[in-house]
Every structure is written in C-alpha cells, then in structure tokens.
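Chain by chain, the residues:
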Amino acid sequence: MDVVSENNFCFALPKIELHAHLNGSLSDKILRILGCREEDVQDYQCASVDQRNLDDTFKKFGIAHKATYCPEAVYIATKNVIEEFSQENVIYLELRTTPRYEVGMSSETYVESVVRGIQDTKNHMMVKLILSLNRQHSIEKCQNHLDLILKMRSKYPDIIQGIDLSGNPIHGSFNELKYLFEKARKAGLSTTIHCGEIENSEEIKEVLAFKPDRLGHACYIHPNYNGCEKNWYQLKELKIPTEICLSSNVITGTCDYENHHVQEWIKDDLPFSLNTDDKGVFKTSLTQEFQYAMKFLNLSSSELWRISMNAIEHSFANSEEKSFLKSKLVDWKNKNLHFFTK
Ligand code: 6MZ
C-alpha cells in the first residue's frame, strides 16, 4: 500500500479508543469554543517532541481545567470530544475523567455534566465512562471520590463501567489506594491502572499482583526498557491487556517511535490496544496513532484491523455490545477488501 492508501485506511478503519482523558483531549477548536485565551491554547499543546518531559505535561491539564470550570463547559467539552472521535471513525470510546469540584460546581455535578454529554451524543457512537482517582490526591479525597463513583455507578450502570488510577506517577502510591480499587471491583466496576510510566519496579509488582483488567502505558516493565525480568514474566503469565499510547510516551520522553516498548508485546504476542491518551495535549488523533503504528512498527492493515478487533474484547462493554461492535468491524472489512490485498 502507498502512503495515501495507508492514511485512508487508518482513517476509515472503525477504531476503538480505550484510553482518553477528557481534559487532555480538548483540541484547539474545542478550547476556542470554550472561550480559552489564545496563548493558553498554544501553551496547552506540547506536541513538540523536544518537550520530552512528563512532569511539564501535567502542568498543561490546569489550562483545560480552567476552561471546564462550570457544568455547561464540562458538558460542551464532553460532547465535542465525543464528536471529534466519531468524525475519525472511532466506533467505541471509553472516556475517562477525574471527579472535580470548582466554585459553583460540585464533584457530583461535574460527573453529571459528563454523563449528560455522553447521553446527548448517543447517536454518534457507543461511549462508556471510566472515573479516575488521582494518585496526587490525599487518601481521604480519593475515598470521597470512590463514594461518589459508586453512587454514580448505581445511577448510570450502563454508562459508568470502570475506575482508573492516573495522575503524575512521581506522586502517591498504588499500594495506599489499593483497598479503594478492591472496593470498586467488588461493586462490579472494571479496573484499569496507569502502571510503569516511570521506572518503579516495586509498584509495578504490586499493580500486577492486584490483577487489574487493563494496564495503562506499561513503559518500564520489560527488562530491555529498564524494567525487570520478574515483572515481565508475570505480565506474560497474566496477559493483562495494555493500553498503548505511542505519541504520549514519545512526547513525554520515555522512548522513540522506532524503539517503543510495544515491540516487546508484539514479539511475545501479548494483548494491547492503540490509544491517544491526551489527543489535545499531544496534538494527535487515533487515526494518526494507527498511521504511526504502520510507519514505525511496520504493522499491516490486517494487523491493525486485528488490533481494533482485540480492543473490543479488552473493552468494558458487555458481551452483547461486544458482539455488535465485532459484527460492525467484520462488515466493514468485507466491504473494504481492497485495503487488505497486498
Ligand atoms: C497519568 C494522566 C496522564 O481527568 O481532568 N492524566 N495521568 N499519566 C498521563 N500521561 C500523560 N494524562 C492525563 O483529565 C486530566 C487528568 O488525567 C490524568 C491526570 O490526572 C490529569 O490531571 P481529567 O479529565
């Protein structure tokens, strides 16, 4: 396939996004709709690979948080993010966000506004919500957020499917918050944990012992990427699907596109999906992430189609929803066989 056909394929392929933070996913267009100042719009996007700093990336979310300061802005941001994913043929989106309060907006109203945004874009595609705990928050705050998450889950069981641990990995610890994830799991929520975004083999070991349904990033697990043999062996045994975010890892300085840790997943045939993480901050799209996978990982159209198919299986959708999505992907392939002939 020539580059134009490859790009057309990556755009047209029905895609599955499993790792997208709401306040990291605001495009410049959405920031302007929200009335963001032009200098903040520019500052938010650290698309330059020269940036290469995870710590600096976390400062960018403050800009989005300033823009989504009230229920209406949260609602508009949610709707627009969903619409943008839909416009590039994402057929299933798991959006994640951290409950947040501002003057005039409680954490509950915040979550309600996101849910409303999801409900009002139902026609575009299937969207589920994952609520995040931030490892930078105090244990007491995370406990309060968990109470809210469980309350919201009972109110919106078809939308709120999972819980995530995110935030700047240099702060906090999974072990201190583990009991909250155990509670969430008991209440029926699926779990996904940001894991190994910095070198920390001890914490990676604890996360793997918890056996979450999915892992985010997993940059430093394999021994070739400053991880350790034991953790990699454990992951190979458990086969926990990993949410891979190529541009995020490259821009935050953990690796290059040509030498990304996902190569080890490919070599050992371990399950993974391709995701954007923060498409606004990293100025990317899921289409672009698939293009990078073709270019830098040498994956073929059949292999990328298979990644979409496998991601459906890794998703937190129910079995009926998974069957529906799988049949959509099969139908699309049957109608687009020209992309699959050499
Ligand atoms: C860890 C990240 C992240 O929740 O306000 N977040 N956490 N690693 C990453 N890799 C770059 N990218 C985003 O979206 C913004 C929040 O998502 C988490 C951070 O906690 C950030 O404050 P929400 O919608």
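**Brief notes about the layout of surface pockets**
No. 1: Considering only enclosed or pocket space, the largest pocket measures out at about 520 Å³ in volume.
No. 2: In terms of lining residues, the largest pocket is bounded by 32 residues, among which Phe-61, His-65, Thr-98, Asn-134 and Gly-167 are the most central.
No. 3: For the lining of the largest pocket, the secondary-structure elements that each account for two or more residues are α4 (54-67), β2 (90-97), β3 (126-134) and α7 (139-155).
No. 4: The leading source of residues in the lining of the largest pocket is α4, at five residues.
No. 5: Its residues placed into classes, the lining of the largest pocket shows eight nonpolar, 18 polar and six charged.

**Side note on the side chain of Ser-273**
No. 1: Mapped onto the elements of the fold, Ser-273 is located in strand β8 (residues 272-274).
No. 2: Sequence-distant contacts of Ser-273, defined by excluding residues within four places in its chain, comprise Leu-18, Thr-242, Glu-243, Ile-244, Ile-307, Ala-311 and His-314.

**Quick word on the pattern of salt bridges**
No. 1: Within the structure shown, the criterion is met by 22 salt bridges.
No. 2: A salt bridge links Glu-313 to Lys-322, with the nearest nitrogen and oxygen atoms 3.7 Å apart.
No. 3: Classification of Glu-313 as partly exposed rests on a relative accessible area of 42%.
No. 4: Residue classification places Lys-322 among the buried residues on the basis of a relative accessible area of 14%.
No. 5: Among the charged side chains, a salt-bridge network with shared partners connects Glu-94, Arg-96, Asp-164, Arg-214 and Glu-243.

Each value, and the rule that gives it
Residues numbered from 1 in each chain as written. Predicted model: local features only at pLDDT ≥ 70, side-chain atom pairs only at ≥ 80, totals over all residues. Heavy atoms only, no water. 1 Å grid on protein atoms, 1.4 Å probe; cavity = no way out; pocket = protein on both sides within 12 Å on 5 of 7 lines; lining within 4 Å. Points joined across faces, edges and corners; volume = space filled by probe spheres on them. Helix = DSSP H or I, 4+ residues; strand = E, 2+ residues; numbered from the N terminus. Nonpolar A, V, L, I, M, F, W, Y, C, P; charged D, E, K, R; others polar. Contact = heavy atoms within 4.5 Å. Salt bridge = Lys/Arg side-chain N within 4 Å of Asp/Glu carboxyl O. Buried < 20%, exposed > 50% of the residue type's maximum accessible area, 1.4 Å probe, protein only.

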